[in-house]
Each structure stands twice: as structure tokens, then as C-alpha cells.
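Geometric and topological summary
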Amino acid sequence: MASKFIIFTISLKISLAQLQLSETVAIMRFMFAQRAWRFFTTKPLRWILLLALGVRVACLALFPHYFDFVATGRVLGIPSHDIYATNLLETGVYGYERGVADAELPPLYSVFLALLYATLGRGHWQLGLAQSLLELISIAALFDIAQRLCPQGTGRLETPHVRTCIASLAALCYAIYPYLVFQSLTMIDTTLYITGVYVFLWALVHLNEVPAARVVGWALTGGIALWLLLLLRPNFVVFLPFALCWLALRWGWLGSLRRLLLPVVLSIVLILPWMAYGASVYGRPVFIALHGGGNFLQGNHPCTVPFLRAGYDTSWMSMGSYISESASGNLAEEDSAFFQAGLDYLIQNPGKIPELLWVKFLVYWNVDLWPPHNPPTAEEFAALEAVCAGQELAIGAVSEDDALRLYDEAPEAGLFRTIHRWYFGPLLLLAIWGLWLSRREWRRVSILWAVQISMTIVYVVFHPATRYRAPTDPLLFVFSAVALCWLWERAEERGWLLWLPSTLKHNS
């Protein structure tokens, strides 16, 4: 009997010791989780920026067969910019043809490439890292914009750090957005454009907050950003009336004009030398570039709707028939002829305008990567020729080594399109819900709507593609983050987060 009691006592002590050990381990795990959580949430932006940079560096290292344009001879993006940059360095003349001046493309991105080549050399690592650093600036600007514009709470439950939560989620969604990661590593102006847009918005948000005595500094920042944007994509001017209206909500029309006038005037003054250069080349005023007329005709043409409905970009259409003999060879005259042809089509076919606008709107906001078809084979070109009877194509074939083939033929092409659909699609739905949740704060957040509305107008008037919409997608992610924070609050109210330590819940 005594031996049984001793055995029982020893077993009890062992059980208690095991229980104490398990409790100690649980406490240690909780303390580790708590410290780790605080470590990453104290200054979330720095970890998001490191993640963004790490993802882009990893892609450069893992996929050189896509991005290394020196080794492969294939330039993903717009090879024309590389030609302009190389010619500028070698001859000192900005032109597509060596030593022949022109103003067909906006100059900023080509000049950016030329400076990059001159200082760091021509290579995919130099390009990818430089554009990745620009994206870090954009992500940081988006973080600050979201913190300043978003409401203190998204529902009945007022979480202490909801602004930081929304800003962090929006920045995180941007940092790992697959499409913009890809764009940042290719030779295209998207990253530089995003940086300009977000820095201008950042300055605009500060202009709306600061007293009159501190306006000048932010106005100068906004003016320089606007000047660079106009040298990159001049269509951004469509946003300026929306910016004026947004500032007027707080400062009235006179106050709004005072705050926006200096950036606009500064950008105009700084842009005059480039416009004088264009006038000297063509003997007539040129507004930044000479590709707007062609883009307008491609978006307002008898074959625009058939091409878009078939899933092809309208840039495959040949427009040579719209150039008269007198205008041929003069880019300024050709651009005017294209623009006039597009206007003539709209004037002569008013009944087709609703369908034209609706189809372009659906393409612009498509959750899939657009265009879905990049015709790389003779068979595809035969199908393309049949889309719109009588329409000639701009080119008759795509060579075997053309980078365009990778968009359809690379092993990862289909997977990348699927990833984009399931990344952007849910975030778009969440953004729609977030727009509704933030409706009471419309005076503050409407500047984010304004960017979407103005750019939608631009590309529905001209012609749409995913790469034209993508620069404004991170602004949508701000509203996606609002919806996610709201869902988190509802889950916490209903006790669905009981499995989390309380410290994690309340510091989220």
C-alpha cells in the first residue's frame, strides 16, 4: 500500500512538472510571438520596403533569361527608349535615327536611361535596381498618403492604429503586386511614371494640410513632379481640374487656385525649353510628343471595337492610309492627320460612340492581363487579319527572337496571367467595398477616386491596356486595405480571433 502511494506521489509530481514545463514553453512562445509582432509592427514601412526590394532582386537573379537584354538581345518593354538613349549618348542628339533629331516620344524615360548608362553602364541589373529604388519611393509616398487620408476607424470598433494598419496593408499589396514587380524590371516608363504620380499626390496632400506660410516648399515639390510627369506622359494634365476641385473642398476656389497655381506655372516654365526644341525640329509647336494622334486614331477607328472584342491590341492596325503625300515624312503633320482622322470617325458615326466607350471601359478595368493575345505566329496573324475586313496590319510577322513572343510562349506566361487575375481581382472587389465603407470621409479620400476617374477618361478616349491602368492600382489598394481592416474589426467583435493572443489582436 505504501509503495502504491509513493508511486502515485511520484507520478503526480512528474505530471505537475510536465504541466509547469508546458506552461513555461507556452509563455515563452507567447513572449517570442509578442516581441516578433512588435518588432515588425513598430515601423512596418521599413520591412515592407525591404520585402519589395528583396522580391525584385530575387526576380532579377532567378530570371535573367527574361530580363537580361544585353545577353539575350531581347528588350522586354519598349525597345525604342533604348535606341533613343544610346543615340543620345553617342551623338548628343535626341532621335530614333542616329544623329537625326525628333520629338516623337516624350523624352524623360529615354534621358533617364541615358543617364543610367552613362553612370552605371547598360545592363539589366542597373536598370532593375534603379527602377526598384524608384518603386521604394512610390511605396513610401503611398504609405504616407494613406495615413493622412484614411479615417481613424473603419466601423464601430475604433482600433488604435487603424491608419497605420490601412497604410501598411496598402503598401504591402503594392510591394508584392506581381504585375508591377514585372514592370519595374523591364524597359518601360511605368515605374518612373508611378513615382512621379505618387510624389505629386504626396505633395498635393501636404498642400491641402499645411498653412499658407508653408505652401511654397510643397508647391515647388509638386511643380517639379508635374514637370517630369508632363515629359513622361502628358495626359496627366487631365487630373489637374480634379485636383483643383479637391483642394477647393477645404480652401475654397480662391484658396485652391493659390495652392495649385505655383506648381502648374513652375511646370509650364520648366517645360518650355523642350517645347521650343520640338518647334525648332518641325517648324511648328509640339506639345511634348508626337504619338498622341496615332493613339487617338487607334482608339477611335472602325476596327477598334472588333480588335478589342477579339482580344487584340489596336496598335496592330496600320494607319499609313491616313497620311497624305504632303504630310508623309513630317511626324508633326502625320500626327495631326491621325488625330483628325479619329475625330472625323467620331463625328461621322455618333451612334457608335456608346459601344466604343463601353468596350474600352470594360477592357481598361478587366481583371485579366490585357491584351490577352499577342500574335506571334503566322497562324495568329491570319486570324488577326480576319478580325476586321479590309484593315491592313502594321507588321506582317513577329520574328523568332522578338521579346513579344515571351508574353505568350514563355512557360510561365499562363501562370503569370492566372496569378494576376487572382491577385488583382479580389483586391478590386475589396476596393469597391472599401469605397463604400469610406463614403463618410469622401472629402478626404476623393482625391484617390479622382486619379482613377481622370485616368479612366484618358484611356477610354484613347485606347486601353493593363499597363495604362496598373500605375493607379495601388491607390485602389488603399480602399482594399480599408475593407480588410473592417473585416478584421468585425471578426474581433464576434470573437473569431480568440485563437490569437490578446496582445496581437489589440496591436494589429
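Residues numbered from 1 in each chain as written. Predicted model: local features only at pLDDT ≥ 70, side-chain atom pairs only at ≥ 80, totals over all residues. Heavy atoms only, no water.

When you go through the protein residue by residue, the secondary structure sums to 23 helices and zero strands. Buried positions account for 48% of the 508 residues belonging to the protein. Considering only intrachain contacts with a sequence separation of at least 6, the fraction spanning at least 24 residues in the protein is 76%. Total accessible area computed for the protein in this model is approximately 24,200 Å², and 68% of it derives from carbon and sulfur atoms. (Helix = DSSP H or I, 4+ residues; strand = E, 2+ residues; numbered from the N terminus. Buried < 20%, exposed > 50% of the residue type's maximum accessible area, 1.4 Å probe, protein only. Contact = heavy atoms within 4.5 Å. Areas by Shrake-Rupley, 256 points an atom, 1.4 Å probe, with all protein chains shown as cover.)

Two measures describe an aromatic ring pair: the distance that separates the ring centres and the angle between the ring planes. Going through the model one piece at a time under the given rule, you end up with 26 aromatic pairs. Look at Tyr 423 and Phe 477: their rings are 6.5 Å apart centre to centre, the planes differ by 80°, and that puts the pair in the edge-to-face class. Here Tyr 423, found in helix H19 (residues 413-437), pairs with Phe 477, found in helix H22 (residues 473-493); they are 54 residues apart in sequence, far enough to count as distant. Judged by relative accessible area, Tyr 423 falls into the buried class, the value being 18%. Three or more aromatic residues joined by ring pairs form one cluster here, namely Tyr 84, Tyr 94, Tyr 96, Trp 274 and Tyr 277. Here the guanidinium or amino end of Arg 439 rests over the ring plane of Trp 436, the centre of that ring lying 3.9 Å away. Taking NZ or CZ as reference, Arg 469 lies 4.1 Å from the ring centre of Phe 424, over its face. (Phe/Tyr/Trp six-rings, centres within 6.5 Å; stacked < 30°, edge-to-face > 60°. Lys NZ or Arg CZ within 6 Å of the ring centre and 35° of its normal.)

Okay, unusual backbone geometry next. Looking along the chain, the bond that leaves Trp 370 and enters Pro 371 is cis, with omega of 10°. Considering the arrangement of structural elements, one finds Pro 371 in the loop between helix H16 (353-364) and helix H17 (378-385).

The final tally for this structure, using the stated rule, is one disulfide. Here Cys 303 pairs with Cys 388 through a disulfide, and the sulfurs are 1.8 Å apart. On the sign convention where negative is left-handed, the bridge of Cys 303 and Cys 388, at about -70° about the S-S bond, is left-handed. Taken as a pair, Cys 303 in the loop between helix H13 (292-299) and helix H14 (304-309) and Cys 388 in the loop between H17 and helix H18 (406-409) lie far apart in primary sequence, 85 residues in all. For the pair Cys 303 and Cys 388, one class covers both residues: buried. (Disulfide = S-S within 2.5 Å.)

Put simply, the protein has an average pLDDT of 87, and 87% of its residues get 70 or more. Confidence drops under a pLDDT of 50 for residues 153-160, and excluding neighbours within four residues, the segment shows 21 contacts in the predicted structure. Scored below 50 in pLDDT, residues 499-508 shows 19 contacts in the model against residues more than four places distant or in partner chains. (pLDDT = per-residue confidence, 0-100.)

To continue, consider the nonpolar core. Core analysis: the biggest nonpolar cluster contains 102 residues, and Phe 200, Leu 204, Phe 236 and Phe 239 have the highest contact counts within it. By residue number, the principal contributor to this core is helix H7 (residues 124-149), which donates 11 residues. Once you skip the residues sitting within four places of it in the chain, Phe 239 turns out to touch Phe 200, Leu 201, Leu 204, Ile 447, Ala 450, Val 451 and Ser 454. If you look at the next biggest cluster of nonpolar residues, it comprises 12 residues, including Cys 59, Tyr 66, Leu 185 and Ala 410. (Core = buried A, V, L, I, M, F, W, Y, C linked by side-chain atoms within 4.5 Å.)

We now examine the side chain of Asp 313. Within the secondary structure, Asp 313 is located in the loop between H14 and helix H15 (331-348). A distance of 2.5 Å separates polar atoms of two side chains, one belonging to Asp 313 and the other to Ser 315. In contact with Asp 313, other than residues within four places in its own chain, are Phe 307, Trp 370, Pro 371, His 463, Pro 464 and Ala 465. (Polar contact = N/O pair within 3.5 Å; in protein donor to acceptor, adjacent residues only side chain to side chain.)

A few words now on the packing of helix H10 (residues 190-209) against helix H12 (residues 240-282). Where H10 contacts H12, the two axes come as close as 10 Å, and the packing angle between them is 110°. Looking at the two axes, H10 sits roughly perpendicular to H12. Of the residues in H12, those in contact with Phe 200, Leu 204, Val 205, Leu 207, Asn 208 and Glu 209 of H10 are Leu 240, Ala 243, Trp 246, Leu 247, Arg 250, Trp 251, Arg 259, Leu 260 and Pro 263. Class assignment for the residues of the contact of H10 with H12 results in 11 nonpolar, one polar and three charged. (Axes fitted to C-alpha atoms, helices over the stretch in contact; angles between N-to-C directions. Parallel < 35°, antiparallel > 145°, perpendicular 65-115°, else oblique. Nonpolar A, V, L, I, M, F, W, Y, C, P; charged D, E, K, R; others polar.)

Below, the discussion takes up the environment of Pro 302. Summarising the element assignment, Pro 302 is placed in the loop between H13 and H14. A relative accessible area of 47% places Pro 302 in the partly exposed class. As for Pro 302 and Tyr 345, which are separated by 43 residues in sequence, their C-alpha atoms are 7.6 Å apart.

So, on to the packing of helix H11 (residues 215-230) against H12. Running from amino to carboxyl end, H11 crosses H12 at an angle of 60°, the nearest separation of the two axes being 8 Å. Classified by the angle between their axes, H11 and H12 sit oblique to one another. Here the hand of the crossing between H11 and H12 comes out right-handed. Taken together, the residues of H12 that come into contact with H11 (itself represented by Val 215, Val 216, Ala 219, Leu 220, Gly 222, Gly 223, Ile 224, Leu 226, Trp 227 and Leu 230) are Leu 240, Arg 259, Leu 262, Pro 263, Val 264, Leu 266, Ser 267, Leu 270 and Ile 271. For the contact of H11 with H12, the class distribution of residues is 15 nonpolar, three polar and one charged. (Left-handed = near helix turned anticlockwise from the far one by under 90°.)

Summed over all chains, the structure comprises 11 salt bridges. We note a salt bridge from Asp 368 to Arg 421, for which the minimum N-O separation is 2.5 Å. One end of the pair, Asp 368, is in the loop between H16 and H17; the other, Arg 421, is in helix H19, with 53 residues separating them in the sequence. Its relative accessible area of 32% is what places Arg 421 among the partly exposed residues. A salt bridge links Glu 441 to Arg 444; the shortest N-O distance between them is 2.8 Å. A single network of salt bridges, built from pairs that share partners, joins Asp 144, Arg 148 and Glu 209. (Salt bridge = Lys/Arg side-chain N within 4 Å of Asp/Glu carboxyl O.)

On to H10, then. Here H10 spans 29 Å end to end across 20 residues, near enough to the 28 Å set by a 1.5 Å rise per residue. Where burial is concerned, most of H10 is hidden: 18 out of the 20 residues are buried. (Expected span 1.5 Å × (residues − 1).)

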